[in-house]
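A look at the structure
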Amino acid sequence: MSLPYFLTDDPAAGTLTGAEAKHAHVKRIQPGEHIMLIDGQGSTALTRVTSVGAGRVDGVVEKLQFVPQPTPRVTVVQAVPKGERAELAVDLAVQAGADAIVPWISHRTIARWPANKQAKQVEKWRAQALSSAKQARRAWVPEVRDPVTTNQLSELLQERHALVLHEDATDSIRDVDFGEDVWLIVGPEGGIGDDELEILGARPVKLGPEVLRTASAAFAGLCAIGALTSRW
């Protein structure tokens, strides 16, 4: 059985405080049990718990390890889905191994994220990314960046290896030379228009004959990349 994961700034200290200590308390972690402490940047500490309180957990670190990031590194650009599908998209992308996530407000995005609500929405995505990373037993917690428009995304993609999942693409993802860093772009429910494809300049690829929902497309794409490269 895999160990529960908890985030802390310094795994080597063997201590949890704040929200993560409360989480361990709620999960009824007991002295003598083992947990894994992570810093979200690859460092892990196998820890035997010695005491548990609502605001603090102490333990003895039995093994320190650094888990390198997989290659290629994959940044998911996710067009913002509407409603609960947004958090589902983040959850699935993190489970499948996304190294970073960029929310994208595309031309056809329905959930527009007004400027006065963007920070709150991004925090929701970051909280979901952390929760999903711990659930998936990941040593790395994916960074969730600030949202971008199509023009801003085009600037970010300059000189980057960018793939856009598109149902009308003629190239298969099987034929891609991924290199060491890949940006995987997932469009909105209404699809990506030809005008945006031209602005982005990314290479359209398809996963298969089926049309995937925007919330699950990144998951499928990451799984394909995992199987086709050394990530898995």
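What counts and what doesn't
- Throughout this description, residue numbers start from 1 for each chain and increase along the sequence as written.
- Per-residue local features are limited, in this predicted model, to residues with pLDDT of at least 70; the limit for side-chain atom pairs, both in listing and counting, is 80 or more; totals at the level of whole chains, interfaces and linings are taken over all residues.
- Derived side-chain values reflect all non-hydrogen atoms in the structure, with water molecules and hydrogen atoms excluded from consideration.
- UniProt positions are given in the numbering used here, feature names are shortened, and annotations may be inferred rather than shown by experiment.
- Put simply, DSSP H or I for four residues or longer makes a helix, DSSP E for two residues or longer makes a strand, and each gets a number counted from the N terminus.
- Our radius of gyration looks at C-alpha atoms and nothing else; its globule reference is 2.2 Å times the residue count to the power 0.38.
- Using a 1.4 Å probe on the protein chains alone, a residue whose accessible area is under 20% of its type maximum counts as buried, one over 50% counts as exposed, and one in between counts as partly exposed.
- Contacts were defined at the residue level, with two residues in contact if any of their heavy atoms lie within 4.5 Å.
- Between the N-to-C directions of two axes lies an angle of 0 to 180 degrees, each axis being a line fitted to C-alpha atoms and, for a helix, fitted only over the stretch in contact.
- Throughout, the term roughly parallel applies to angles under 35 degrees, roughly antiparallel to angles over 145, roughly perpendicular to angles from 65 to 115, and oblique to all others.
- Put simply, Ala, Val, Leu, Ile, Met, Phe, Trp, Tyr, Cys and Pro go in the nonpolar bin, Asp, Glu, Lys and Arg in the charged bin, and everything else, Gly too, in the polar bin.
- Following DSSP output, two strands are said to pair if at least two bridges run between them.
- Remark: nonpolar core denotes a set of buried residues (Ala, Val, Leu, Ile, Met, Phe, Trp, Tyr, Cys) joined through side-chain atoms within 4.5 Å.
- An automatic or database domain assignment provides the domain bounds reported here.
- Take the far helix as your reference; a near helix turned counterclockwise from it by less than a right angle gives a left-handed crossing, and one turned clockwise gives a right-handed crossing.
- Buried area: the sum, over both parts, of the accessible surface (1.4 Å probe) that disappears when the two are put together.
- For salt bridges, the criterion is a side-chain nitrogen of Lys or Arg within 4 Å of an Asp or Glu carboxyl oxygen.
- Within 3.5 Å is the distance limit for a polar contact, defined as a pair of N or O atoms, with the added protein rule that one can donate a hydrogen and the other accept it, and that residues adjacent in sequence qualify only through two side-chain atoms.

By the naming in an unreviewed UniProt entry, the chain is Ribosomal RNA small subunit methyltransferase E, taken from Corynebacterium haemomassiliense. What the UniProt record of the chain gives under Sequence similarities (unreviewed entry) is the line "Belongs to the RNA methyltransferase RsmE family."

1. Brief notes about the overall build of the chain
Per the secondary structure count, the chain includes six helices and twelve strands. For 232 residues, the compact-globule estimate of 2.2 N^0.38 gives 17 Å, and the chain sits close to it at 19 Å. Its C-alpha atoms put the chain at 60 × 40 × 30 Å along the principal axes. Taking all 232 residues of the chain together, the buried fraction comes to 46%.

2. Describing the environment of Ala133
Here Ala133 shows up in helix α3 (residues 118-135). When the C-alpha positions of Ala133 and Glu33 are compared, they lie 21 Å apart, and in sequence the two are 100 residues distant. Excluding residues within four positions of it along the chain, Ala133 makes contact with Val94, Arg138, Trp140, Val141 and Pro142.

3. Observations regarding the packing of helix α2 (residues 85-95) against helix α6 (residues 214-228)
Contact pair α2 / α6: the axes reach a minimum separation of 7 Å and the direction vectors enclose 10°. As the angle between them shows, α2 and α6 are arranged roughly parallel. Facing α2, whose interface residues are Arg85, Leu88, Ala89, Leu92 and Ala93, α6 presents Ala215, Ser216, Ala218, Phe219 and Leu222. Along the lines of polarity and charge, the residues of the contact of α2 with α6 split into eight nonpolar, one polar and one charged.

4. As for the pairing of strand β4 (residues 43-52)
Judged from the five bridges that link them, strand β3 (residues 34-38) and β4 form a sheet pairing that is antiparallel. By the bridge assignment, Ile35 is partnered in β4 with Thr47. One ladder, built from nine bridges, connects β4 with strand β5 (residues 56-66); its direction is antiparallel. By the bridge assignment for β5, Leu46 is matched with Lys63.

5. Details of unusual backbone geometry
Here the amide bond leading from Thr71 into Pro72 is cis, since omega sits at 0°, within 30 degrees of zero. Here Pro72 shows up in the loop between β5 and β6 (73-79). Unlike most non-glycine residues, Arg28 shows phi in positive territory, near 60°. Inspection of the secondary structure puts Arg28 in the loop between α1 (18-26) and β3. At Arg137, a residue that is not glycine, the phi angle is positive and equals roughly 60°.

6. With respect to the nonpolar core
Counting 35 residues, the largest nonpolar core has Ile101, Trp125, Leu163, Phe178, Leu184 and Leu222 as the members making the most contacts within it. Counting residues per element, the ones that place at least two in this core are β3, β6, α2, β7 (100-105), α3, β10 (162-165), β11 (181-186) and α6. Take this core: its biggest share by element is five residues, from α6. Among the domains, domain 1 (5-66) and domain 2 (73-228) are the pair contributing at least three residues each to this core. Residues within four places of Phe178 in sequence aside, it is in contact with Pro72, His161, Leu163, Ile173, Ile225, Leu228 and Thr229. Ranked by size, the runner-up nonpolar core spans 15 residues in total, among them Ala162, Val164, Trp183 and Ala202.

7. A closer look at the packing of α2 against α3
Two elements in contact, α2 and α3, have axes whose closest approach is 9 Å; the angle formed by their N-to-C orientations is 35°. Handedness of the α2/α3 crossing: right-handed. Counted together, Ala86, Glu87, Val90, Asp91 and Val94 of α2 and Lys124, Trp125, Gln128, Ala129, Ser132 and Ala133 of α3 form the full contact between these two elements.

8. Here we look at the domain arrangement of the chain
As assigned here, the chain comprises domain 1 (5-66) and domain 2 (73-228). The straight-line distance from the C-alpha centre of domain 1 to that of domain 2 is 31 Å. For the pair domain 1 and domain 2, the summed buried surface comes to about 790 Å²; carbon and sulfur atoms form 64% of the total. Broken down residue by residue, the surface that domain 1 buries against domain 2 is led by Tyr5, Ile38 and Gly40, which jointly contribute 52%. Linking domain 1 with domain 2 are one salt bridge, by the criterion used here. Between Lys134 and Glu20 there is a salt bridge whose closest N-O contact spans 2.8 Å. Linking domain 1 to domain 2 there are four residue pairs in polar contact (both at pLDDT 80 or more). At the level of secondary structure, the elements contributing two or more residues to the side of domain 1 that touches domain 2 comprise β1 (5-7) and α1. Examining the composition of the side of domain 1 that touches domain 2, we find that three residues originate from one element, β1, more than from any other.

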